[in-house]
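Fold and geometry: a report
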Amino acid sequence: MTTSLLQDFQPIAAIATTSIGANQLQPLLQTRSATLWVPASLTGIAGAQVYTGSLSDHLQTLWISHRSFVFCLATGAVVRLIAPLLQHKATDPAVVVVDESGQFVISLCGGHQAGADQLTRILAATMEATPVLTGATNRAHLLGIDVLGVPFGWVKGEGNWTAVSAAIARGEAVQVKQTAGSDLWCQGLPPEHPLIWGEEQLGKAQVWIGAKRPIADSQTPLVQWHPRVLWVGVGCERGTPKIVIEQAVQTVFQQQDLVEAAIAGFATIDLKADEVGLIELCQERNLPLRCFSAADLRTVTVPTPSLIVAAEVGTPSVAEAAAILASQSSFQIRHTPSPHPALQVAKQIVRVEGQPGAVTIAVAEATQEYTGRSGRLWLVGTGPGQLDQMTAAAKAAISQADVVIGYSLYVDLIAALLRPGQIIETLPITQERQRAERAIALAQWGLSVAVVSSGDCGIYGMAGLVMEQLQALGWDGKTPSVQVFPGITALQAAASRVGTPLMHDFCAISLSDLLTPWDMIEKRLTAAAQADFVVALYNPKSQTRTEQIAIAQRIFQQYRDATTPVAIVRAAYRLDEQIILTTLAEFLHHPIDMLTTVLIGNQSTRTYANWMITPRGYLGFDRQESLD
Ligand code: SAH
């Protein structure tokens, strides 16, 4: 299991009362993703923490400080244990149960908001167990309205979530009014969703997505999501207390019908970077403070410039200009250029009676929300074809990602791993570079993005392109974070279908001269042939590129016998798999295309009863060393 996949669920408490149970939970422990608790009576469990007294007392002490619980206990026992501790689904932790035989992972409580369904999917993928998800949205592949905005850092607002979720589960028309934030979530909608868009009052329930307070009609249940699009520009006298800035924001937001949950952050001039009240406010609300120099602020055209301010700090506007600049600096992820950010509220000067200081507030609305999340790029190899040839970690990464990007054929092959609400982006095979750029832009914005390639992602796959592109962008190596998930590459898959052709030194050569000059390819073919490497030829032949494989054959014939075994493996581990065992002299008489890997044996490779065998050594069987 890979630690970064579980980051969103930490701290995790794992609890077992038997040694078999503790064993089942080992994967969590090995990656140091969780603390494993066992009773004092259970001795000798490596890495486990011991609790004394009753489990229910112990649980009470862990409950508040942990985001997730994974029990290896009977569900009945878990239900009784957690019953007195449960309060509300908005605040309760995720509770997941694993059975002692490791066959099932059950999302028991906190499926949506606490992420128990998601944690269940990851654990099940890792343990190769069946995930048990009983929420209505899982069964019907419905939309989880209460988790919709999570990937984009939207803040959940007020509303009757139970009523609106119930309306969706019943399939009743639910009206969406979105005035701010990304519409990317629409791409994750299941095919038959009950949502309708439009101004008139049509739906039985409503979903508001925006930064303004809704005009409520009390008859219709309504829920609100607030994308963080509002940047609050602040200018203030030195030493203005936090409470004054806070009240000024409150006053202005109320006047303008804006919702404070939609605040992305605060912005000001760099002279104010140490303004205590402002810093305290940002820290308390966990919001960023963006500071700009007078020189940068001067470049912005604002509605209310002031000569007095210009004389004092060197720019005619602090609040308005800073709000506008802050709202521009998000990453651009839309396909079409978006309009310039608008100043929602021109500067307002607010004083609070009985308090020192004065505050100037202006609010600009960004076209793209601030997610407040740090993005992750998972470069995932999906193996040659069937799902059972993919690593458990790769499966877990795919099911966890907010976005999955890949060539449509490979995305189809992994369709069973995708979950409702996930954003799937497929691009034609020719647009690899665009795919890499898109993945990086989405990760820079804060999403977890899985980029999938068949085989191994880092062998003639997308991972390399993404890394090159990151480097070109001046990436610091950390943000967005990158993790590569290896997969079974074509040469291993092909070899496994014909025996053990790769038992001695081998190499891979791609015959595609799209990105590599043909001279270089020819040089490598010659060197490999001379050095007696077993060779796997990737991209051997396309409809238009037919010459290269014939040249490769001629090169190998100079150094190897005509009878050298050659395997032609097409679509290994897929439904249309074809395998041909032939020889160096004969192999061009058989069909070869872009779904084929050609394996050429070395001087010692032989065929035996339709298997291809490369001996481990060149010295015969009497001098055999350890084979591992
Ligand atoms: N990243 C992939 C390779 C991509 S290059 C990997 O690691 O396997 C594409 C080439 O890989 C194809 O032209 C073919 O030569 C080979 N290939 C990919 N999948 C294959 C499969 N299932 N069977 C045989 N060859 C395959």
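Residues numbered from 1 in each chain as written. Predicted model: local features only at pLDDT ≥ 70, side-chain atom pairs only at ≥ 80, totals over all residues. Heavy atoms only, no water.

Within the largest apolar cluster, 45 residues are counted, with the highest numbers of intra-cluster contacts made by L25, L28, L36, V70 and V380. The element that contributes the greatest number of residues to this core is helix α6 (residues 116–127), accounting for seven residues. No fewer than three residues from each of domain 1 (3–134) and domain 4 (376–488) sit in this core. One finds L195, I209, V403 and I423 within the second-largest nonpolar core, a separate group that totals 40 residues. (Core = buried A, V, L, I, M, F, W, Y, C linked by side-chain atoms within 4.5 Å. Buried < 20%, exposed > 50% of the residue type's maximum accessible area, 1.4 Å probe, protein only. Helix = DSSP H or I, 4+ residues; strand = E, 2+ residues; numbered from the N terminus. Domains from an automatic or database assignment.)

Scanning the model with the defined rule gives 16 salt bridges in all. A salt bridge links K272 to E275, with the nearest nitrogen and oxygen atoms 3.3 Å apart. One exposure class covers both K272 and E275, and it is buried. For D576, the salt bridge goes to R570, with nearest N and O atoms at 3.6 Å. You can call D576 partly exposed: its relative accessible area is 39%. One network of salt bridges, in which partners are shared, links R238, K272, D274 and E275. (Salt bridge = Lys/Arg side-chain N within 4 Å of Asp/Glu carboxyl O.)

The next subject is unusual backbone geometry. A cis geometry characterises the amide bond from Q10 onward to P11, with omega recorded as -5°. Residue P480 is bonded to the preceding T479 through a cis peptide linkage, with omega at -5°. Checked against the element boundaries, P480 lands in the loop between α17 (462–472) and β22 (481–485). A positive phi angle, near 60°, is found at D257, a position not held by glycine. With respect to the helices and strands, the residue D257 is situated in the loop between α9 (242–255) and β14 (263–269).

In this structure the tally under the stated criterion is zero disulfides. Of all cysteine sulfurs, the one in C109 lies closest to C72, which takes part in no disulfide; the gap is 18 Å. Residue class for C72 comes out buried when judged on its relative accessible area of 1%. (Disulfide = S-S within 2.5 Å.)

Right, let's talk about the packing of helix α16 (residues 432–445) against α17 for a bit. When two helices pack together, their arrangement is given by the angle between the helix axes and the distance between those axes. The interhelical angle for the contact between α16 and α17, taken along N-to-C directions, is 60°, at an axis separation of 9 Å. As the angle between them shows, α16 and α17 are arranged oblique. Taken as a pair, α16 and α17 cross one another with a handedness that is right-handed. Mapping the contact onto sequence places E432, R433, R435, A436, E437 and I440 in α16 and M462, L465, V466, Q469 and L470 in α17. For the contact of α16 with α17, a count of residues per class yields six nonpolar, one polar and four charged. (Axes fitted to C-alpha atoms, helices over the stretch in contact; angles between N-to-C directions. Parallel < 35°, antiparallel > 145°, perpendicular 65-115°, else oblique. Left-handed = near helix turned anticlockwise from the far one by under 90°. Contact = heavy atoms within 4.5 Å. Nonpolar A, V, L, I, M, F, W, Y, C, P; charged D, E, K, R; others polar.)

It is common to report an interface's size as the accessible area lost on association of the parts. Split into domains, the protein chain comes out as domain 1 (3–134), domain 2 (145–226), domain 3 (230–365), domain 4 (376–488) and domain 5 (496–613). Of note, the centres of domain 3 and domain 5, computed from C-alpha atoms alone, are 64 Å apart.

Between α9 and helix α10 (residues 276–285), the shortest axis-to-axis distance is 8 Å and the interhelical angle comes to 65°. Between α9 and α10, the interaxial angle falls into the category roughly perpendicular. Handedness of the α9/α10 crossing: right-handed. Within the contact between the two elements, α9 uses K242, I245 and E246 and α10 uses G277, L278, E280, L281, E284 and R285. Each residue belonging to the contact of α9 with α10 can be placed in one class, and the counts come to three nonpolar, one polar and five charged.

Mapping T582 onto the fold places it in strand β27 (residues 578–583). With sequence-adjacent residues up to four places away left out, T582 is seen in contact with T564, P565, V566, I568, F587 and H590.

Looking now at the pairing of strand β2 (residues 34–39). Counting buried positions along β2 yields five of six residues, so the element is predominantly enclosed. Bridge analysis of β2 against strand β3 (residues 49–51) gives three bridges, and the strand direction is parallel. Bridged to W37 within β3 is Q49. (Pairing = 2+ DSSP bridges.)

Here we take up the site of the ligand. Taken together, 19 residues form the shell around the ligand, and within it I459, T489, M594, T596 and T597 come nearest. At 2.9 Å from a nitrogen atom of the ligand is found a main-chain nitrogen or oxygen belonging to S454. With the chains in place, 93% of the 540 Å² that the ligand exposes on its own is no longer accessible. Tallied by class, the residues present in the shell around the ligand amount to eleven nonpolar, six polar and two charged. Taken domain by domain, the shell around the ligand gets at least three of its residues from each of domain 4 (376–488) and domain 5 (496–613). (Near = heavy atom within 4 Å. Polar contact = N/O pair within 3.5 Å; in protein donor to acceptor, adjacent residues only side chain to side chain. Areas by Shrake-Rupley, 256 points an atom, 1.4 Å probe, with all protein chains shown as cover.)

Turning our eyes to something else, we now look at the sheet that holds strand β18 (residues 376–381). Strands sit in the order β20-β19-β21-β18-β22 across an open sheet of five strands; the sheet is parallel. Every other strand in the sheet has two partners, leaving β20 (423–426) and β22 as the edge strands with one partner each. Neighbour to neighbour, the strand axes of the sheet diverge by 20° on average, direction disregarded. Against the sheet, helix α14 (residues 392–400) touches β18, β19 (403–406), β21 (448–453) and β22, its axis set at about 135° to β18. The strands that α17 touches are β18, β21 and β22; relative to β18, the one it contacts most, it runs at about 155°.

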